[in-house]
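Chain by chain, the residues:
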Amino acid sequence: MAAVRPMADTWLSVVMPFYRKLAEFERVAAHNAPFWARPGIEVVVALDEPSEEDSLRRLIDRFAQVRWKLVVNDRPHDWRPPCCAINVGVRHSAGRFVLVHS
C-alpha cells in the first residue's frame, strides 16, 4: 500500500498570472475562496507589475483562510504575454501538481 501524504502538505498550487485585473479578481474571489481554502492547496498570484499590489494585498487579506503566495515583479517592462508571469508563478509554487488558472 502506498504511503498517504498528510493533507497539510501542499499537493496543489493554483497559479494565477495577474496584470491589471483587480476589479475582475475581486468579483470572483468570494466565489472561489471556499475551493482555494481547502487543506493542501496554495494560491500563487504572479503580479506582473506593482501598480495594484497594495489593493491586491488588502483584497487577499479579506480571505485569510486561503493560503496565498504573492509574487510581485517591480521592474517596469513593455507588454508581454502572460506566460512570463505564469512561469514565475510555477517556479514559486510548492505543490506536487500545478493548475494554471487565469
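Before reading on, note that the structure itself is shown above.
The rules behind these values
- Residues numbered from 1 in each chain as written.
- Predicted model: local features only at pLDDT ≥ 70, side-chain atom pairs only at ≥ 80, totals over all residues.
- Heavy atoms only, no water.
- Salt bridge = Lys/Arg side-chain N within 4 Å of Asp/Glu carboxyl O.
- Helix = DSSP H or I, 4+ residues; strand = E, 2+ residues; numbered from the N terminus.
- Buried < 20%, exposed > 50% of the residue type's maximum accessible area, 1.4 Å probe, protein only.
- Pairing = 2+ DSSP bridges.
- Axes fitted to C-alpha atoms, helices over the stretch in contact; angles between N-to-C directions.
- Contact = heavy atoms within 4.5 Å.
- 1 Å grid on protein atoms, 1.4 Å probe; cavity = no way out; pocket = protein on both sides within 12 Å on 5 of 7 lines; lining within 4 Å.
- Points joined across faces, edges and corners; volume = space filled by probe spheres on them.
- Nonpolar A, V, L, I, M, F, W, Y, C, P; charged D, E, K, R; others polar.

Peer 1: If you had to explain the pattern of salt bridges to someone new, which residues and values would you point to?
Peer 2: Enumeration over the complete set of coordinates arrives at five salt bridges. Close ionic contact of R20 with E49 constitutes a salt bridge, the shortest N to O distance being 3.5 Å. Taken together, the residues R20 in the loop between strand 1 (12–18) and helix 1 (22–36) and E49 in the loop between strand 2 (41–47) and helix 2 (53–61) connect sequence positions 29 residues apart. On the basis of relative accessibility, which here comes to 11%, the residue E49 falls in the buried class.

Peer 1: Tell me about the sheet that holds strand 2, residues and numbers included.
Peer 2: Taken in spatial order, the four strands line up as 3-2-1-4 in an open sheet, and their pairing is parallel. For this open sheet the edge positions go to strand 3 (68–72) and strand 4 (97–100), each flanked by a neighbour on one side alone. Taking each pair of neighbouring strands and ignoring which way they run, the sheet shows an average axis angle of 20 degrees. Contacting strand 1, strand 2 and strand 3, helix 1 runs over the sheet at an angle of about 175 degrees to strand 1. Set on the sheet, helix 3 (residues 83–91) makes contact with strand 1, strand 2, strand 3 and strand 4; between it and strand 1 the angle comes to about 150 degrees.

Peer 1: Explain the layout of surface pockets residue by residue, including any values.
Peer 2: Of the voids in this model, the largest pocket is the one considered here, and its volume is about 180 Å³. Lining the largest pocket we find M16, P17, F18, K21, E24, F25, V28, N32, W36, H101 and S102. For the lining of the largest pocket, the secondary structure elements donating two or more residues are strand 1 and helix 1. Here the lining of the largest pocket takes five residues from helix 1, the largest share from any one element. The residue makeup of the lining of the largest pocket, split by class, is six nonpolar, three polar and two charged.

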